[in-house]
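# Chains, contacts and geometry: an overview
Spelled out from the first residue to the last, the chains are:
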Amino acid sequence: MGDLYVGVDGGGSHTRARLRDASGRRLGEGRASGSNLELGIPVARAAVLAAIDGALREAGLGPQDYRRLHAGLALAYAELPECYHAFLAEPLPFAEVRLTSDAFGACLGAFGGEEGAILIAGTGSVGLLYQGGRVRTCSGRGFPISDLGSGAWLGLRALQSALLSHDGILPPSVLATRLLHHFGGDQARVVAWASHAIPADYGRFAPWVLEAAQDGDALATALRGEAIATLSTLIGGLIQMGAPHIALLGGLGQALSGALATHYPAHLVEPAADAMEGALLFIQRKELPCLHP
């Protein structure tokens, strides 16, 4: 029985795992809920294992094969030392494990393990530049204080604007009406919901903004413009940091890629592969920099 390699990409909304054998042959993939480490270490661990279990099942394997697994994990908030060490302190059933951030995993995948830069705009957002053996980031410090231009950020801006429309400060809007209808037309329910909502809860409203903007809703169009301007600021920052090329990733980033490419046609490039492939590279290539050696 040979070694198995699994690459896991874990963000705020989803966790995905890809399983390969030692020759590189793809064996299976699995999916689970978010494994952002700030959701809680036990929650993240359970999601990682659930995604890997799914990949093993698709390959006709099971938990008895954990001991053969070399696991590369690219998880959101692994860049925070306390989250990184707390996760690795958990009992993990693998033969070997290496942990890095979802952003670095995405960058490795996007540039085939070589140096490069990425901007992720999914539930959260982060810009990362891997250059000269050094990793630098911008944004990505968590929602709501950072993660600018992300799906969670856009969902929050939409709800804030919907409440202003409800108060008569902003004009009536189809988007605002739909958002408030979701909460039974009761602004108090919005406030109560916000007291326990996580980034993925806000991020679910980002597609509503894009749909309403496509239909010509003025509020949604303005919010879409805000997102484009904010992500453009991050792209400009990465270029100032020295990034020659930037891969744009994440659901919101892909949705806005056409508009962003008009501002930076010479800098935005298509990723070579995804963050699961980056996580696989991270477990296989030990020379790649560790977040917290």
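Nothing here was measured: the structure is a model prediction, and the numbers come from that model. Numbers given to residues run from 1 along each chain, matching the order in which its sequence is written. At least 70 in pLDDT is required for a residue's local features to be given in this predicted model, at least 80 for side-chain atom pairs to be given and counted, and no such filter applies to totals for whole chains, interfaces and linings, which use all residues. Just so you know, side-chain values use all the structure's heavy atoms and leave hydrogens and water out.

Stacked, tilted and edge-to-face pairs are distinguished by plane angle, under 30 degrees for stacked and over 60 for edge-to-face with tilted covering the rest, among Phe, Tyr and Trp rings (Trp via its six-membered ring) whose centres lie within 6.5 Å. A complete count under the given rule lists nine aromatic pairs for this structure. Any Lys NZ or Arg CZ found within 6 Å of a ring centre and within 35 degrees of that ring's normal is scored as a charge over the ring. Between the NZ or CZ atom of R98 and the centre of the ring of F282, over which it lies, the distance is 4.0 Å. Over the ring of W208 we find R178; its NZ or CZ atom is 3.8 Å from the centre of that ring.

Another aspect to go through is helix α12 (residues 275-284). Counted residue by residue, α12 has nine buried out of ten residues, so it is predominantly covered. Contacts from the buried residues of α12 go to β1 (4-10), β2 (14-21), β3 (26-33), β4 (69-75), β5 (96-101) and α3 (102-110). Pairs of N or O atoms are called polar contacts if they sit within 3.5 Å, as long as, within protein, a hydrogen donor faces a hydrogen acceptor (for residues adjacent in sequence, only side-chain-to-side-chain pairs). A run of DSSP states H or I qualifies as a helix once it reaches four residues; a run of E qualifies as a strand once it reaches two. Both are numbered from the N-terminal end. One side-chain oxygen of the residue at the start of α12 lies 3.2 Å from the amide nitrogen of M276, identifying that residue as D274. Only protein chains enter the accessibility calculation, which uses a 1.4 Å probe; a residue whose area is less than 20% of its type maximum is buried, one above 50% is exposed, and one in between is partly exposed. Residue contacts are counted whenever heavy atoms from the two residues lie within 4.5 Å of one another.

What follows is about the sheet that holds β5. In this scheme, strands are said to pair when DSSP sees at least two bridges between them. As summarised here, the arrangement of the five strands in space is β3-β2-β1-β4-β5, forming an open sheet in which the pairing is mixed. Looking at the sheet topology across the chains shown, the edges are occupied by β3 and β5. Strand-to-strand twist in this sheet, taken as the mean axis angle between neighbours without regard to direction, amounts to 15°. Alignment of β1 against β4, held across seven bridges, turns out to be parallel. Across the sheet, the residue bridging to Y5 is H70, located in β4. Think of each axis as a best-fit line through the C-alpha atoms, taken over the contacting stretch in the case of a helix, with angles from 0 to 180 degrees between the N-to-C directions. Contacting β1, β2, β3, β4 and β5, α12 runs over the sheet at an angle of about 130° to β1.

This paragraph deals with the pattern of salt bridges. By salt bridge we mean one thing: a side-chain nitrogen of Lys or Arg within 4 Å of a carboxyl oxygen of Asp or Glu. Taken as a whole, this structure holds 13 salt bridges when the rule is applied. In this structure, D65 and R68 form a salt bridge, with 2.8 Å as the shortest nitrogen-oxygen distance. The class for R68 is buried, based on a relative accessible area of 14%. In this structure, the salt-bridge partner of R157 is E226, at a minimum N-O distance of 2.8 Å. With R157 in helix α4 (residues 151-166) and E226 in helix α9 (residues 218-241), this residue pair connects regions lying 69 residues apart in the sequence. Taking the relative accessible area as the measure of exposure, R157 reaches 22% and is therefore partly exposed. When salt bridges that share partners are traced, they join R18, R20, R26, E29, E58, D274 and E277 into one network.

Across the sheet, which stays open at both edges, the five strands sit in the order β8-β7-β6-β9-β10 with mixed pairing between neighbours. What marks the edges here is a single partner per strand, and that holds for β8 (134-139) and β10 (268-269). Here six bridges tie strand β7 (residues 125-131) to β8, and the two strands are oriented antiparallel to one another. Within β8, the position partnered with L129 by the bridge is R136. Those strands touched by α3 are β6 (116-121), β7, β8 and β9 (246-249), and its axis lies near 125° from that of β6.

Right, let's get into the pairing of β9. Residues of β9 alternate between two faces, with I246 and L248 on one and A247 and L249 on the opposite face, all of them buried. Two elements, β6 and β9, share four bridges in a ladder whose sense is parallel. Its bridge partner being in β9, A117 is matched across the sheet by I246. Note that β9 and β10 share two bridges and pair parallel. When the sheet's bridge partners are listed, A247 is paired in β10 with V269.

It is worth spelling out the packing of α3 against α12 at this point. Across the interface, α3 lies against α12 with an axial gap of 6 Å and an inter-helix angle of 95°. Between α3 and α12, the angle is such that the two are roughly perpendicular. Contacts from D102, F104, G105, A106, L108 and G109 in α3 reach A275, G278, A279, L281 and F282 in α12. Think of it as three bins: nonpolar holds Ala, Val, Leu, Ile, Met, Phe, Trp, Tyr, Cys and Pro, charged holds Asp, Glu, Lys and Arg, and polar takes everything else, Gly as well. Residues of the contact of α3 with α12, tallied by class, amount to seven nonpolar, three polar and one charged. Between 65 and 115 degrees an angle is taken as roughly perpendicular, under 35 as roughly parallel, over 145 as roughly antiparallel, and anywhere else as oblique.

In contact at an axis separation of 10 Å, helix α5 (residues 174-182) and helix α8 (residues 206-214) are set at 150° when each is read in the N-to-C sense. As for the relative orientation of α5 and α8, their crossing is right-handed in sense. On the side of α5, the interface is formed by L175, R178, L179 and H182, while α8 contributes W208, V209, E211 and A212. The class makeup of the residues in the contact of α5 with α8 is five nonpolar, one polar and two charged. By convention the crossing between two helices is left-handed if the near helix lies anticlockwise of the far one by an angle smaller than a right angle, and right-handed if it lies clockwise.

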